[in-house]
Amino acid sequence: MPAKSKSQQQAAGIALAAKRGEKKVSELKGASKSMYESMDEKELQELAETKTRGKPDHVGD
């Protein structure tokens, strides 16, 4: 599933880094912390790999 916005893609990248041990879990906040807890590494990688060209910065509800 591709990311719907640049901010979602970035949050997934940060959560993925924490899953891989490249970033401390205690440094996570907001969406990245939620993604870290609820998604596995494969799902996070799919979101993080999304190209951001043409994506909005944020998507509202």
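Before reading on, note that the structure itself is shown above.
Note that this is a predicted model, so its numbers are computed, not measured.

S.K.: Looking at this structure, I do not really get the environment of Ile14. What am I missing?
M.R.: Among the structural elements, Ile14 can be located in helix H1 (residues 6–19). Separated by 22 residues in sequence, Ile14 and Tyr36 place their C-alpha atoms 8.7 Å apart. Among residues more than four places away in sequence, those in contact with Ile14 are Lys23, Leu28 and Ser32.

S.K.: Could you clarify how one ought to interpret the side chain of Ser5 in this entry?
M.R.: Locating Ser5 in the fold gives a position in the segment before H1. Within the local environment of Ser5, its side chain forms a polar contact with the side chain of Ser7, the two groups lying 3.2 Å apart. A distance of 3.2 Å separates a polar side-chain atom of Ser5 from the backbone nitrogen of Gln8. Dropping the residues within four chain positions of it, Ser5 is found in contact with Lys55, Pro56, Asp57, His58 and Val59.

Criteria and thresholds
Residues numbered from 1 in each chain as written. Predicted model: local features only at pLDDT ≥ 70, side-chain atom pairs only at ≥ 80, totals over all residues. Heavy atoms only, no water. Helix = DSSP H or I, 4+ residues; strand = E, 2+ residues; numbered from the N terminus. Contact = heavy atoms within 4.5 Å. Polar contact = N/O pair within 3.5 Å; in protein donor to acceptor, adjacent residues only side chain to side chain.

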